[in-house]
Amino acid sequence: MLKPFQLHEPTTVEEAISVLGKFGDDASVYAGGTELLLAMKEGLLSYDHLVNIKAIPGLDVVDYDESTGVLTVGATATHRALEYSPLVGEKFSLISDVEHRVANVRVRNVGTLGGNLCFAEPHSDPGVFLLLYDAEVELVGSGGARKQSVEDFILGPYETTREPDELLTTIEVPRLPEGSRHAYIKFGYHERPSLGLGLVARVDNGTLADIRIAVGSVGPKPVRVRNAEERLRGASLADLFGNTQSSALLDEAGRMMAEAAEPVTDLHGSAEYKEHLLRVFLEEALEEATRG
Amino acid sequence: MAIVGTSTRRPDYLDKVTGKGAYVGDLEIPGMAHAKVLSSPLPHARILRIDASKARALPGVFGVLTAHELGDMDPYYGSDIKDRPIIAIDKVRYEGEPVAAVAAVDLETAEAALDLIDVEYEELPVIATMNDALTDGAATVHQSNLCHESHYEWGNTEEGFAEADRIFEDTFTFPMVYHYSLEPHTVIARYDELGITVWDSAQHPFLVRNELARLFGLSLNRVQVVVPYVGGGFGSKSYIKIEPLAVALSREAKRPVKLAYSVEQSAKTVRRHAASITLKTGVRNDGSFVARDCQIRLDTGAYADNGNRVTDRCADQVPGPYLWPHLTVTSKGLYTNTGAAGSFRAIGGPQAAWASESQVDMIADALGIDPLELRLKNLGAPGDVIRQGKNPLDADIATGLKEAAKGVGWAGRGAKPVTQEKETKRGIGLACSVLNAGASPTSTALVRLHADGSATAMVSTVEVGQGSKGVMAQIAAEELCIPLEKVGVVASDTAIVPYDRSTGASRSTTLVGLAVQLGAKEIKQQLLDLASKHFEAPEDKLAFADSSVVFGQESITYAQLIRQMFGGPAGELMGRGYVTPQTEGPLKGLPVFWEMAVVGAEVEVNEKTGAIRVLRLVSVSDIGKAINPKQAEGQDEGAAMQGIGHTLFEELIYEDGQLLNPNLVDYRVPSFEEVPDGFETILIENEDGPGPFGAKGIGEGPIAAVAPAIANAVFQATGVRIKELPLTPERVWRALQAGTSGGHKVDALTEG
Ligand SMILES: Cc1cc2nc3c(=O)[nH]c(=O)nc-3n(C[C@H](O)[C@H](O)[C@H](O)COP(=O)(O)OP(=O)(O)OC[C@H]3O[C@@H](n4cnc5c(N)ncnc54)[C@H](O)[C@@H]3O)c2cc1C
């Protein structure tokens, strides 16, 4: 049951930070509330003060700067806004593709990308695509503003580098290199994903000129798998599929993914099974992203 | 027949789609307090001390209930086995068991009071599994860990095995699953000097009344159970659950009390029995079944609830609809330190059919016989006694099975459907079983014909989503020859409507519907008496049509006859319907009828991930007469979908007595994603049931047959036999891993 709390509705970021600073551990940022209120109802979290940041004008921006090639997503932009933004659909189709598959309509309607990152529940999708884009978050606190890559921001289950009085204000997403194609495979039968594998590839003259791989949900946090990218980069497509040599190459990359992602055994399945799935889906994702 | 047999619109639809319909949670009773329960954090422990003094002293708290307050009564209850205390006494037997309850001015105060209650426990060894329960020298949940045992046999099974050419022995397991009705258990209780009134989300209002009267020492007339709309039951609201706790708390707080459980609390209050079933089956090389020995274990959790009947019914159903010259069945319900298990749609049926129908397919494979042919060879026919001492089979399973086979495209043992994708394989499977349905034939109804010729049928059947209100009205309107909109149904208030045993076991249309029809007939007899006098004509020259009694070219309306009788626009006629074991017709033994469970399924298995997709599912139900065909299909499809749930992913996971997944994020129920692309219900209508217009009940059958049909389809697709449910992708993948070497049947490995 939801215990009584005081609701603060600041209209500027500074005001929000000062309320957070004032009440310390007794206060929490309240965006869509899809995680927060659930956890409070279950008695897992308890706060006397909630700071609703949805009343801060402009914090829900979804904006693209042509000159820098960077998409700015404000802290209160919802999954639904990203799913439906024509701009995102056109220039960041990986985002709209994944956002369309996040949770359910009710959660997407109110849940925010910022809230998803700050909560850092391991069974999540956005971390994966943000890692593929090399996205950064901006945080503002009493000590000022700072930027950090999403990769460094998420530390582990329910753990980020965010200080209690810091507000995540924006997420900055640079465009993928011209000619990139993507695949995102989401697997599982529970409400939340058991596995998310994202892959971005650029094919040049029949070879894999560039590749990025990220994995989420199977382990404590989403990860980029740079050694596997390295291993696959430059491979010719003919070498990638359908022969024993390619199978050995993919096995190796699959192992690297498993090492990086550190699959855990939980209600979604055993670590062994998740490792197996990573290998299976690596191949599927590669085919999807390279073959059209 | 103009009304019966028509898919008329159900009367509650607007209430439900607009959210106007009132459920117990929506009701407010003047002076009502709000209750919260302090649950045990431990699955098995002695209660050394409870100190609730601080909670009692909290302003806004009206009363705190602990075992201490029940000293003046015998506080143990249950549907048959009275082993459940109203609130934990001396020890707790499952994590989540109510240890104290608070009634307060609002929920916040009640919650705050819970924090002030101090309980000291001494942990006891946890009986986490049925194996623990059976271990020599293990701790005991009650006096012993055996809750109930049933046994029957005929022929001589040992001799039968000696006669057999082949003997198969396999063990199958079935998981604990939860009903997940949208509305958790909710009750408002008022205890005062006049007696007890409860507003209840319950399926068996009269059984709740009877048990409350017994517990609190009142005569039946002083206990009233009022049931508004119920947000789904599926058995989770059968018999009696949290009503005694709410009444005792009201008695303590001296005011009405609302107790609304969370999903988590409800999931720990009742679930389906997990099962482990070992079948030893002897057959001849030509496929004739000779002998079977069935050893069933069912996990009833901390309390019996309805576990004794589930234990019996699982035993009744485990041989399947086959004729066995020699049979031995032993079924044991065992206590463990987990939430109690009770009734769940088709009690004991899914567990029994899972084991039996999986093994029948395995036998067919080993003998090289088509599984359809093997079944047809051994099936009982209508009129055959399939269970000694019970009514003969009244369902034509063979016809149903052939229909299902045709519907799902069964083309024989070797004829697998083809798939275009390289990772996937397709297969078709069949399964059939019978459920001894109807519980017992004790139902009554009252039909009132008002002075204007409209009518009210009064029944105890609870509108639990199945559409009973519409169906009862259709039956009354048809029998009385009046328009459907002239019939209202008043239901499920024990102070107003007459007795019915229960809303469950596919029984209401058959038995309560029959009572309504008998009540309407009694009214018609009175109308004949009146019209006979009016026309000065013998009754056999009279007929009924359009709210009138007709005599040749003349007619007189019911309204006119009633007015003549009462001397003005007043009065009414009353018709009684009694359905008892003495009622003429086939209700003399049990079961009331055998409900057919027949399913054909086509699946696609992804061999790389183990994921199963159900492409086509056809179920066949023998309904006798569909009063409302569309609603009947809805019931059938609902049962099939619920079966897909426990087949593919539903499982309550307990670890050392702690429930790990009491929410929909971690416990997956089927959604529209799982609705098979081809989803068909075939209704057999021979108008041969014991109910009104030849109807018999449906709504449970498919849930029993879905799992084996799917597992048999997975076997045809992949050659892998899995004997544990649910068939999660990982379990299927593991089985495929273990099976790829030989390409033949292997058991799934147990997951770590
Ligand atoms: C039923 C269900 C299914 C789901 N399925 C999926 C799924 O399939 N895939 C997936 O990826 N996710 C899934 N989710 C998670 C969903 O994406 C998140 O719930 C949502 O994005 C959280 O956003 P919110 O705005 O509601 O956060 P809130 O609940 O408001 O906040 C979450 C946490 O983040 C903090 N916080 C929020 N915003 C900020 C900020 N700007 N600065 C600092 N701290 C902040 C809050 O204090 C709180 O601790 C699911 C959730 C539910 C309930």
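Cut-off values and rules
Residues numbered from 1 in each chain as written. Chains lettered and ligands numbered in written order. Predicted model: local features only at pLDDT ≥ 70, side-chain atom pairs only at ≥ 80, totals over all residues. Heavy atoms only, no water. Helix = DSSP H or I, 4+ residues; strand = E, 2+ residues; numbered from the N terminus. Buried < 20%, exposed > 50% of the residue type's maximum accessible area, 1.4 Å probe, protein only. Contact = heavy atoms within 4.5 Å. Areas by Shrake-Rupley, 256 points an atom, 1.4 Å probe, with all protein chains shown as cover. Lys, Arg positive; Asp, Glu negative; His and termini not counted. Charge placed at Lys NZ, Arg CZ, Asp CG, Glu CD. Rg over C-alpha atoms; globule rule 2.2 N^0.38 Å. Near = heavy atom within 4 Å. Polar contact = N/O pair within 3.5 Å; in protein donor to acceptor, adjacent residues only side chain to side chain. Nonpolar A, V, L, I, M, F, W, Y, C, P; charged D, E, K, R; others polar. pLDDT = per-residue confidence, 0-100. Pairing = 2+ DSSP bridges. Axes fitted to C-alpha atoms, helices over the stretch in contact; angles between N-to-C directions. Domains from an automatic or database assignment. Salt bridge = Lys/Arg side-chain N within 4 Å of Asp/Glu carboxyl O. Phe/Tyr/Trp six-rings, centres within 6.5 Å; stacked < 30°, edge-to-face > 60°. Parallel < 35°, antiparallel > 145°, perpendicular 65-115°, else oblique. Core = buried A, V, L, I, M, F, W, Y, C linked by side-chain atoms within 4.5 Å. Left-handed = near helix turned anticlockwise from the far one by under 90°.

Engineer: So what's going on with the overall build of chain A? Which residues, and what values?
Structural biologist: Assigned secondary structure in chain A consists of 13 helices and 14 strands. Projected onto its principal axes, the C-alpha positions of chain A cover 65 × 45 × 35 Å. Counting the 292 residues in chain A, one finds 54% classified as buried. Put simply, of all contacts in chain A between residues at least 6 apart along the chain, 61% involve residues at least 24 apart. Accessible surface computed for chain A: about 12300 Å², of which carbon and sulfur atoms make up 48%. Between the centroid of the 27 positive side chains of chain A and the centroid of its 46 negative side chains there is a distance of 3 Å.

Engineer: Go over the overall build of chain B with me, naming the residues and quoting the values.
Structural biologist: Along its length, chain B carries 18 helices and 30 strands. Relative to a compact globule of 752 residues, whose C-alpha radius of gyration would be 27 Å, chain B shows 27 Å and is just as compact. If you line up chain B on its principal axes, its C-alpha atoms span 90 × 75 × 50 Å. Here chain B holds 752 residues, and 63% of them are scored as buried. The contacts in chain B between residues at least 6 apart in sequence include a share of 81% that link residues at least 24 apart. As displayed, chain B has an accessible area near 26300 Å², and 50% of this comes from carbon and sulfur atoms. Mean positive and mean negative side-chain charge positions of chain B (70 and 97 charges, respectively) differ by 1 Å.

Engineer: For the site of the ligand, give the residues involved together with the corresponding values.
Structural biologist: All names here are of chain A. Looking at the ligand, there are 31 residues lining it, with V29, G32, T34, H79 and T112 nearest. Interatomic distance of 2.6 Å between a side-chain N/O atom of H79 and an oxygen atom of the ligand. The fraction of the free accessible surface of the ligand (970 Å²) that becomes covered by protein chains is 95%. Counting residues per element, the shell around the ligand draws most heavily on helix α7 (residues 113-119), at 4 residues. When the residues that make up the shell around the ligand are grouped by side-chain class, the tally is 14 nonpolar, 10 polar and 7 charged.

Engineer: Break down the environment of A145(A) for me, with residues and values.
Structural biologist: All names here are of chain A. Looking at the secondary structure, you find A145 in strand β7 (residues 144-149). Take A145: its relative accessible area is 57%, and that puts it in the exposed class. C-alpha separation for the pair A145 and D204, spaced 59 residues apart in sequence, amounts to 40 Å. When residues no more than four places from it in sequence are discounted, the contact partners of A145 are L139 and V140.

Engineer: Could you give me a rundown of the confidence of the model for chain B, with the residues and numbers involved?
Structural biologist: Residues and elements named next belong to chain B. When pLDDT is averaged along chain B, the result is 96; 98% of the residues meet or exceed 70. Below pLDDT 50 for its whole length, residues 741-752 participates in 27 contacts with residues either more than four positions away or in separate chains. Interface confidence in the predicted complex, given as ipTM, is 0.96; pTM for the same model is 0.96.

Engineer: How would you sum up the sheet that holds strand β27 (residues 612-622) of chain B? Please name residues and give values.
Structural biologist: All names here are of chain B. One open sheet holds the 4 strands; their spatial order is β18-β26-β27-β30, and the pairing between them is mixed. The sheet is open, and its two borders are formed by β18 (424-437) and β30 (678-684), each paired with just one other strand. Going from strand to strand, the sheet's axes swing by 15° on average, the running direction of each strand aside. Here β18 runs beside strand β26 (residues 593-606); their pairing, made up of 14 bridges, is antiparallel. If you follow I428 over to β26, its bridge partner there is E602.

Engineer: Describe the domain arrangement of chain B, naming the residues involved and giving the relevant values.
Structural biologist: A common measure of how large an interface is: the accessible area buried when the components associate. Residues and elements named next belong to chain B. Here the domain parsing of chain B yields domain 1 (24-124 + 183-231 + 236-269), domain 2 (274-438 + 591-741) and domain 3 (440-579). On a C-alpha basis, the centroid separation for the pair domain 2 and domain 3 is 39 Å. The interface is formed by 20 residues belonging to domain 2 together with 20 residues belonging to domain 3. Inspection of the domain 2/domain 3 interface yields 0 salt bridges.

Engineer: How would you explain the interface of chain A and chain B if you had to name every residue and give the values?
Structural biologist: Each partner contributes residues to the interface: chain A has 19 residues there, and chain B has 24 residues. Along the contact surface separating chain A from chain B lie 2 salt bridges. The salt bridge involving K3(A) is made with D115(B); its shortest N-O contact spans 3.7 Å. There are 8 residue pairs in polar contact (both at pLDDT 80 or more) connecting chain A and chain B. Among the elements that take part in the side of chain A that touches chain B, helix α13 (residues 271-291) of chain A stands out by supplying 7 residues, more than any other. Among the residues forming the side of chain A that touches chain B, the class breakdown is 9 nonpolar, 4 polar and 6 charged.

Engineer: Go over the packing of aromatic side chains with me, naming the residues and quoting the values.
Structural biologist: Following the criterion strictly, the structure yields 18 aromatic pairs over all chains and no others. Ring geometry for Y273(A) against W733(B): centres 5.2 Å apart, planes inclined by 45°, an arrangement best described as tilted. Of this pair, Y273(A) sits in helix α13 while W733(B) sits in helix α18 (residues 729-739), each in a different chain. Each member of the pair, Y273(A) together with W733(B), is buried. Ring centres 5.0 Å apart and planes at 55° place the aromatic pair F206(B) and Y499(B) in the tilted group. Separated by 293 residues along the polypeptide, F206(B) in helix α6 (residues 205-216) and Y499(B) in the loop between β21 (487-491) and α14 (508-535) bring together distant segments of the chain.

Engineer: Quick one: what's the story with the packing of α14(B) against helix α15 (residues 558-566) of chain B, residue by residue and with numbers?
Structural biologist: All names here are of chain B. Here α14 crosses α15 at 80°, and the two axes come no closer than 10 Å. Judged on the interaxial angle alone, α15 and α14 are roughly perpendicular. Across the interface between the two elements, L527, L530, A531 and H534 of α14 pack against Y558, L561, Q564 and M565 of α15. Split into classes, the residues belonging to the contact of α14 with α15 amount to 6 nonpolar, 2 polar and no charged.

Engineer: Account for the nonpolar core, naming residues and giving values.
Structural biologist: Looking at soluble globular proteins, one finds that nonpolar side chains tend to be buried together. All names here are of chain B. Grouped together as the largest cluster of nonpolar side chains are 102 residues, with contacts concentrated most on I397 and I710. When residues in this core are grouped by element, the largest group, 11 residues, is from helix α17 (residues 701-718). Counting residues in each nonpolar core, the second largest holds 48 residues, with I3, V447, A457 and A473 among its members.

Engineer: Explain the sheet that holds strand β9 (residues 146-154) of chain B to me, using residue names and the numbers behind them.
Structural biologist: All names here are of chain B. Reading across from one edge, β9-β17-β16-β15-β10 is the order of the 5 strands in this open sheet, with mixed pairing throughout. With one partner strand each, in any of the chains shown, β9 and β10 (166-174) form the two edges of the open sheet. The mean inter-strand angle of the sheet, taken between neighbouring strand axes irrespective of direction, is 5°. Summarising the sheet, strand β16 (residues 289-301) and strand β17 (residues 326-335) pair through 10 bridges and their orientation is parallel. If you follow R297 over to β17, its bridge partner there is K332. Lying on the sheet, helix α9 (residues 307-317) is in contact with β9, β15 (274-283), β16 and β17; it crosses β9 at an angle near 25°.

Engineer: Go over the environment of G141(A), please, and point to the residues and values.
Structural biologist: Residues and elements named next belong to chain A. Tracing the backbone through its elements, the reader meets G141 in strand β6 (residues 136-141). Residue G141 is classed as buried on the basis of its relative accessible area, which comes to 9%. Separated by 19 residues in the primary sequence, G141 and P122 have C-alpha atoms spaced 25 Å apart.

Engineer: For the packing of helix α10 (residues 349-367) of chain B against α17(B), give the residues involved together with the corresponding values.
Structural biologist: All names here are of chain B. Contact geometry for α10 and α17: axes closest at 7 Å, N-to-C directions at 30°. With respect to α17, the axis of α10 lies roughly parallel. Classified by chirality, the crossing of α17 by α10 is right-handed. Counting all contacts with α10, which are made through G349, P350, A353, W354, E357, S358, D361 and D365, the residues of α17 involved are I703, A704, A707, P708, A711, N712 and F715.

Engineer: Before we move on, could you go through the side chain of E121(A) and cite the residues and values that matter?
Structural biologist: All names here are of chain A. Within the secondary structure, E121 sits in the loop between α7 and α8 (126-132). Within the structure, E121 has its side chain in polar contact with the side chain of Y158 (distance 3.3 Å). Setting aside its immediate chain neighbours within four residues, E121 contacts E35, Y158 and R192.

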